Amino acid sequence: MESNYEMKVSEGPFGYILEDVPHVSDYIPDLPTYPNPLRSNPAYSVVKQYFVDMDDTVPQKIVVHKDTPRGVHFRRAGIRQKVYFNSDEVNACIVTCGGLCPGLNTVIREIVHSLDYMYGVSKVLGIDGGYRGFYAKNTVNLTPKLVNDIHKRGGTILGTSRGGHDTMKIVDSIQDRGINQVYIIGGDGTLRGAAVIYEEVRRRGLKVSVAGIPKTIDNDIPVIDRSFGFDTAVEEAQRAINAAHVEAESAENGIGVVKLMGRYSGFIAMYATLASRDVDCCLIPESPFYLQGKGGLLEFIEKRLKENGHMVIVIAEGAGQDLLKEETERANEEKDASGNKLLQDVGLWISQKIKDHFAREGKMTLTLKYIDPTYMIRAIPSNASDNVYCTLLAQSAVHGAMAGYTGFTSGLVNGRHTYIPFNRVTEGQNQVVITDRMWARLLSSTNQPSFMSQKQIDESMEEDDPPTQLLDDCQDETSINENETT
Ligand SMILES: Nc1ncnc2c1ncn2[C@@H]1O[C@H](COP(=O)(O)OP(=O)(O)OP(=O)(O)O)[C@@H](O)[C@H]1O
Ligand SMILES: O=P(O)(O)OC[C@H]1O[C@](O)(CO)[C@@H](O)[C@@H]1O
Ligand SMILES: [Mg+2]
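Residues numbered from 1 in each chain as written. Chains lettered and ligands numbered in written order. Predicted model: local features only at pLDDT ≥ 70, side-chain atom pairs only at ≥ 80, totals over all residues. Heavy atoms only, no water.

- Naming follows an unreviewed UniProt entry, where the protein chain appears as ATP-dependent 6-phosphofructokinase of Lithospermum erythrorhizon.
- You can read under Sequence similarities (unreviewed entry) in the UniProt record for the protein chain the words "Belongs to the phosphofructokinase type A (PFKA) family. PPi-dependent PFK group II subfamily. Atypical ATP-dependent clade 'X' sub-subfamily." (UniProt positions renumbered as here; feature names shortened; annotations may be inferred.)

Structure follows, in structure tokens:
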């Protein structure tokens with residue numbers, strides 16, 4: 001089903017734009033409102049200004065010049081004075097879809113706890129096994145007690161799946177069960193699914209809030225600063241890189257190759273490399289490379305081995321797929337149940353190419369160890385900082401749904417929690433911009449070639465990408481989201 005998501009945009013002076021999120025009262029008139037029960041919650045009532053001002057918004061771009069227009073803003077997340085659901089009336093559900101990511105259980109736990117402890121909501125259903133669970137499986141009652149310890153475990157207690165999105169059946173199930181708050185945790189595909197669920201709910205005139213919590217280990221969701229679980233994944237990747245380094249260092253002409261996740265976006269590989277400092281070469285999908293000849297990878301490997309006697313290569317799973325395709329003379333057209341292209345194993349392929357090259361040339365004997373920790377970095381529980389992040393994302397989603405917002409995802413923008421309309425997070429993909437300052441930092445830390453000709457550099461500068469860090473000098477140094485902070 002195609003999305004027809006209509007944007008709710010308003011404008012103000014000096015180029016101010018609010019990309020607002022829908023509200024149930026947009027299509028159901030005269031809904032009653034209730035005072036927020038948090039008024040009498042001792043934890044909150046001591047906090048000065050614990051209600052978010054209705055006019056609070058967060059700018060998408062925070063580095064500005066004297067005369068730049070104020071630009072796009074998102075509604076600030078948080079507790080509202082009025083809520084549109086009475087506590088007894090709420091019948092919520094939670095579903096997790098797509099690939100695993102550290103922190104899924106923390107988000108589930110926190111939605112259940114926030115609904116119960118903050119808003120007195122006790123009816124929360126868990127949907128089993130992703131979208132198809134709405135119509136093909138039984139549900140489970142989620143209580144604070146049941147979910148109390150789950151944040152210490154990896155995975156999702158609800159199970160997840162790919163494929164199986166049937167909008168009509170899902171909304172029928174929502175309607176039949178009397179569900180009026182739907183919390184959907186997932187990546188770009190999941191949020192596309194959530195957008196069409198919201199549209200169908202609205203078409204039927206149902207008082208149902210549809211709230212998303214963006215999840216992606218690859219950090220490829222646009223607009224938001226970073227996705228939950230990313231920090232944990234980068235930290236876990238260090239263990240594999242350390243092992244590769246120890247192996248490489250201990251052998252004559254030792255090479256350690258580590259493959260990390262990242263289908264189209266090389267953020268995990270880039271940040272794991274920058275964090276480790278043991279990596280000699282990082283290869284990501286956004287930065288094409290070649291093997292043979294002057295300036296190629298094999299030449300660089302030989303040089304680095306001569307200099308250092310060992311080296312570590314980190315490769316994102318989506319890197320070099322064009323080379324593999326050429327080599328095998330076939331495109332891998334296989335797709336998963338959600339329609340995502342299945343990739344060939346670039347780690348195995350590149351390891352073999354390196355071994356073959358040096359054996360054939362008889363140049364040097366090398367010892368190569370290939371480490372593939374891809375699923376290990378996403379199947380673990382979230383670390384402390386991701387746990388806090390997940391908690392805040394979940395609480396924001398609950399406050400938003402209780403306040404009657406719908407068709408939105410909670411998300412961190414420039415360090416502030418916001419409500420973002422679905423279509424803004426599904427319209428594109430966050431990727432490493434290789435003409436940006438962060439990639440330049442990586443190149444200078446590994447001292448690897450850029451594998452780009454001057455012609456390619458000129459072309460990429462001319463592309464219609466957002467202005468780059470190298471060009472306009474307006475990068476927020478602490479932010480991960482390359483595209484949006486440049
Ligand atoms: N365009 C779409 N419209 C409706 N549903 C979709 C769409 N794309 C994907 N989905 C559904 O969303 C769910 C998850 O999609 P997908 O497997 O692509 O994972 P994801 O959410 O992108 O997460 P990740 O990329 O992290 O694995 C699946 O059930 C799939 O059927
Ligand atoms: O869970 P699956 O189907 O093996 O998919 C793995 C893919 O999911 C992700 O973890 C998230 O999109 C990718 O990095 C990876 O390519
Ligand atoms: Mg996806």
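## Some remarks on the UniProt feature "binding site: ATP" (unreviewed entry) in the protein chain
Okay, so step 1: As recorded in UniProt, the sites labelled "binding site: ATP" (unreviewed entry) are Gly99, Arg162, Gly163, Gly187, Asp188, Gly189 and Thr190. With the annotated positions falling across 92 residues, the maximum pairwise C-alpha distance of 13.0 Å places them together in a single cluster. For the largest pocket, the lining residues among the annotations just cited are Gly99, Arg162, Gly163, Gly187, Asp188, Gly189 and Thr190.
Okay, so step 2: One can find Arg162 in the loop between helix 5 (144-147) and helix 6 (167-177).
Okay, so step 3: If we skip the residues at most four places from it in the chain, Arg162 touches Gly98, Gly99, Arg132, Arg263, Asp336, Ala337, Ser338, Asn340 and Arg378. (1 Å grid on protein atoms, 1.4 Å probe; cavity = no way out; pocket = protein on both sides within 12 Å on 5 of 7 lines; lining within 4 Å. Helix = DSSP H or I, 4+ residues; strand = E, 2+ residues; numbered from the N terminus. Contact = heavy atoms within 4.5 Å.)

## Considerations on the site of ligand 1
Okay, so step 1: The full set close to ligand 1 counts 17 residues, and Gly163, Asp188, Thr190, Lys215 and Ser338 are the nearest of them.
Okay, so step 2: Contact distances for ligand 1 include 2.6 Å between an oxygen atom and a backbone N or O atom of Gly163.
Okay, so step 3: For ligand 1, the cavity whose grid points lie within 2 Å of the majority of its atoms is the largest pocket. (Near = heavy atom within 4 Å. Polar contact = N/O pair within 3.5 Å; in protein donor to acceptor, adjacent residues only side chain to side chain. Sits in = over half its atoms within 2 Å of the grid points.)

## Regarding the site of ligand 2
Okay, so step 1: Around ligand 2, the surrounding shell consists of Arg162, Ile217, Asp218, Met261, Gly262, Arg263, Glu317, Tyr375 and Arg378.
Okay, so step 2: A distance of 2.8 Å separates an oxygen atom of ligand 2 from a polar atom in the side chain of Asp218.
Okay, so step 3: A distance of 2.7 Å is found between an oxygen atom of ligand 2 and a side-chain nitrogen or oxygen belonging to Glu317.
Okay, so step 4: Considered on its own, ligand 2 offers 400 Å² of accessible surface; in the complex 80% of this is hidden by protein.
Okay, so step 5: Comparing atom positions with the cavity grids shows ligand 2 to sit within the largest pocket.
Okay, so step 6: For the shell around ligand 2, the per-class residue count stands at three nonpolar, one polar and five charged. (Areas by Shrake-Rupley, 256 points an atom, 1.4 Å probe, with all protein chains shown as cover. Nonpolar A, V, L, I, M, F, W, Y, C, P; charged D, E, K, R; others polar.)

## Examining unusual backbone geometry
Okay, so step 1: Although it is not a glycine, Asp30 sits at a positive phi angle of roughly 55°.
Okay, so step 2: Mapped onto the secondary structure, Asp30 falls in the loop between helix 1 (24-27) and strand 3 (34-35).
Okay, so step 3: On the accessibility criterion, Asp30 (78% relative accessible area) is exposed.
Okay, so step 4: Within the chain, Arg277 stands out as a residue other than glycine whose phi angle is a positive 65°.
Okay, so step 5: With respect to the element layout, Arg277 can be found in the loop between helix 9 (267-276) and strand 13 (281-283). (Buried < 20%, exposed > 50% of the residue type's maximum accessible area, 1.4 Å probe, protein only.)

## Examining the pattern of salt bridges
Okay, so step 1: The full count for this structure, using the stated rule, is 20 salt bridges.
Okay, so step 2: Among the salt bridges present, the one from Lys259 reaches Asp372, with a minimum N-O distance of 3.5 Å. Note that Lys259 is positioned in strand 12 (residues 254-260) and Asp372 in the loop between strand 15 (367-371) and helix 13 (384-402), a separation of 113 residues in sequence.
Okay, so step 3: When its relative accessible area of 9% is taken as the criterion, Lys259 is described as buried.
Okay, so step 4: The partly exposed category is assigned to Asp372, whose relative accessible area is 36%.
Okay, so step 5: Between Glu307 and Arg304 there is a salt bridge, with the nearest N and O atoms lying 3.2 Å from each other. (Salt bridge = Lys/Arg side-chain N within 4 Å of Asp/Glu carboxyl O.)

## Considerations on the layout of surface pockets
Okay, so step 1: In this structure, the largest pocket spans a volume of roughly 1100 Å³.
Okay, so step 2: In terms of lining residues, the largest pocket is bounded by 50 residues, among which Arg162, Arg263, Asp336, Ser338 and Asn340 are the most central.
Okay, so step 3: Every element with two or more residues in the lining of the largest pocket is listed here: helix 7 (188-203) and helix 14 (422-426).
Okay, so step 4: Per element, the largest residue contribution to the lining of the largest pocket is seven residues, and it comes from helix 7.
Okay, so step 5: In terms of residue class, the lining of the largest pocket is made up of 13 nonpolar, 21 polar and 16 charged. (Points joined across faces, edges and corners; volume = space filled by probe spheres on them.)

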